[in-house]
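What follows is the residue order along each chain.
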Amino acid sequence: AIFSMISRHRRFHRRATPLLPLLSRLRSVHGDGASRKMADIMEKIAGIELEMSRTQKNKATSSHIGSLKAKLCKLRRELIEPSGKSGPKGEGFDVTKTGDCRVGLVGFPSVGKSTLLNKLTGTFSEVAAYEFTTLTCIPGVIRYRGAKIQLLDLPGIIEGAKDGKGRGRQVISTARTCNVIVIVLDALHPLSHRKLIEHELDGFGIRLNREPPKITFRKKDKGGIAYAPNNNGETTFLDEETVKSILAEYKIQHADVKLHEDCTDEDLIDVIEGSRVYIPCIYAVNKIDQITVEELSLLNEMKHYCPVSAGKEWNLDGLLEMVWDYLDMVRIYTKPRGTNPDYDDPVVLPRRACTVEDFCNRLHKGIIKSFKTALVWGLSVKHRPQRVGKEHGLEDEDVVQIVKKA
């Protein structure tokens, strides 16, 4: 009996010893309370993921799975943004936003992000053969088609970045502020890296190349849960019981939920959370000079991808053209009275908000107060010039002259 007790003690000691350095590092960063809380959350997340993997997916279990997904989402939010003073929230790098739009380079270490920044912008970002050469965010500016595009070289992320490993929170928080994300992949293993990076960004609330779910969600004071399925077609993923179980996890007892398309339980959770961002994404497969033509042809099936070689400067113009298309910006030229249009410095607006009023507000907030009418030359009007009001929508390369009140 004594020998068995000693052997059990030794087995426990061998298992426990490797955890000590990890716990000491957690305590040094977050303190004892924060490290214990983070470990508890990670344990709960692992338990829920295990239960979800063991639960068979069918109509009978859809409500339970929806409830588990809501719990998982709440725990991940708490892991990213700890409550109280014990843990640091997911702030990004302190980089001033300049230019008309922002593009972020995201990827694993040593895939060529810094080389791309150097070649495209002329901004120096240290390049070396070892990993984690870039330790902070390096900004650069590209002048393309009259627009000033800020390009950010973000430090390489690692697996588990969404849970705070490395500088993952800072990198992904800064990526949330970008108009377009360029994920730089190594041509030797692009598909595996792409899947891992998408998983990390998705865990931080970044939805790539997706539109916001068409769900109307409104809280109310009384009346219970009013659920309206999709009238435009089938509703295959969400039923009333699943919706109520998800809302119950958020302690919502009274709300209106109306579907305008066939949405999933994850779409409903995204709408309830309200902190998701939907960003266009380009997959820049770098170092194509290291693979064969046959291997390159297989990548053509990948959507939203652009093959490049930053070191050889292959297809960098094609990447810039693709970035401009995904930004979906509109250039508007100003024309003061009695002068020629200024084609050198256009006003750049997003296509989703490019009315004459948006144009005036970009020039100066006070212009709209004295606005009378506008003269427009371009594709958005039938006559040249044509008088329009402030609600008129503008097209790319329109010329606008503002007429103020007397």
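Keep in mind the model is a prediction, meaning the values are calculated, not measured.

Calculation criteria
- By convention here, each chain's residues receive numbers from 1 onward along its written sequence.
- Totals for whole chains, interfaces and linings use every residue, but because this is a predicted model, local features are given only for residues with pLDDT of at least 70 and side-chain atom pairs only at 80 or more, for both listing and counting.
- Neither water nor hydrogens contribute to the side-chain values; these are computed over all heavy atoms in the structure.
- The set of buried Ala, Val, Leu, Ile, Met, Phe, Trp, Tyr and Cys residues whose side-chain atoms join them within 4.5 Å is what this entry labels a nonpolar core.
- Per-residue accessibility, obtained with a 1.4 Å probe over protein chains only, is compared with the maximum for each type, and a residue is labelled buried under 20%, exposed over 50%, and partly exposed between these values.
- Each helix corresponds to a stretch of at least 4 residues labelled H or I by DSSP, and each strand to a stretch of at least 2 residues labelled E; elements are numbered beginning at the N terminus.
- Throughout, a residue-residue contact means that at least one pair of heavy atoms, one from each residue, lies within 4.5 Å.
- Criterion for a salt bridge: a side-chain nitrogen of Lys or Arg within 4 Å of a carboxyl oxygen of Asp or Glu.
- The rule for pairing is simple: two strands pair if DSSP sees at least two bridges between them.
- Angles run from 0 to 180 degrees between N-to-C directions of axes, and those axes are lines fitted to C-alpha atoms, restricted for helices to the stretch in contact.
- An angle below 35 degrees is treated as roughly parallel, one above 145 as roughly antiparallel, one from 65 to 115 as roughly perpendicular, and anything else as oblique.

Observations concerning the nonpolar core
Then, in step 1: Membership of the largest hydrophobic core comes to 58 residues, with the highest contact counts inside it found for Ile181, Val182, Ile183, Leu319 and Leu327.
Then, in step 2: A per-element tally of this core places helix α10 (residues 316–327) first, with seven residues.
Then, in step 3: When near neighbours in sequence (up to four residues on either side) are disregarded, Val182 contacts Val103, Gly104, Leu105, Val106, Ile282, Ala284 and Val323.
Then, in step 4: Within the second largest apolar cluster, 18 residues are counted, among which are Ile215, Leu238, Tyr250 and Leu259.

Regarding the pattern of salt bridges
Then, in step 1: In total, this model carries 19 salt bridges according to the counting rule given.
Then, in step 2: Here Arg218 and Asp256 are joined by a salt bridge, their closest N and O atoms 2.3 Å apart. One end of the pair, Arg218, is in strand β6 (residues 215–219); the other, Asp256, is in strand β8 (residues 255–259), and 38 residues separate them in sequence.
Then, in step 3: Owing to a relative accessible area of 47%, Arg218 belongs among the partly exposed residues under this scheme.
Then, in step 4: Among the ionic contacts, a cluster of salt bridges with common partners joins Asp202, Arg207, Arg210, Asp267, Asp270 and Arg276.

Quick look at the sheet that holds β8
Then, in step 1: Read across the sheet, three strands follow the order β6-β8-β7 without closing on themselves; strand pairing throughout is mixed. The sheet is open, and its two edges are formed by β6 and β7 (225–228), each paired on a single side. Going from strand to strand, the sheet's axes swing by 5 degrees on average, the running direction of each strand aside.
Then, in step 2: Taken together, the four bridges between β7 and β8 define a ladder with parallel strand orientation. Across the sheet, residue Ile225 finds its bridge partner in β8, namely Ala255.
Then, in step 3: Where helix α7 (residues 240–249) meets the sheet, it contacts β6, β7 and β8, and its direction lies at approximately 135 degrees from that of β7.

Regarding the packing of helix α4 (residues 113–121) against α10
Then, in step 1: For the pair α4 and α10, interaxial distance at closest approach is 11 Å and the crossing angle is 90 degrees. Relative to α10, the element α4 is oriented roughly perpendicular. Across the interface between the two elements, Leu116, Lys119 and Leu120 of α4 pack against Leu316, Leu319 and Leu320 of α10.

Here's the deal with unusual backbone geometry
Then, in step 1: Omega for the bond connecting Arg384 with Pro385 falls within 30 degrees of zero, at -5 degrees, which places this linkage in the cis form.
Then, in step 2: In this structure, His304 takes a positive phi of about 60 degrees despite not being glycine.
Then, in step 3: Relative to the helices and strands, His304 resides in the loop between α9 (293–298) and β11 (305–307).
Then, in step 4: Residue classification places His304 among the partly exposed positions, given a relative accessible area of 29%.

With respect to the sheet that holds strand β2 (residues 138–144)
Then, in step 1: Overall, mixed pairing links the six strands, which are arranged β2-β3-β1-β4-β10-β11 in an open sheet. Looking at the sheet topology across the chains shown, the edges are occupied by β2 and β11. When the angles between neighbouring strand axes are averaged without regard to direction, this sheet yields 25 degrees.
Then, in step 2: Of the pairings in the sheet, the one linking β2 to strand β3 (residues 147–153) comprises seven bridges and is antiparallel in character. Paired with Val141 across the two strands is Gln150, which belongs to β3.
Then, in step 3: In this fold α10 packs onto β1 (101–106), β2, β3, β4 (180–186), β10 (281–286) and β11, with an angle of close to 170 degrees to the strand it touches most, β10.

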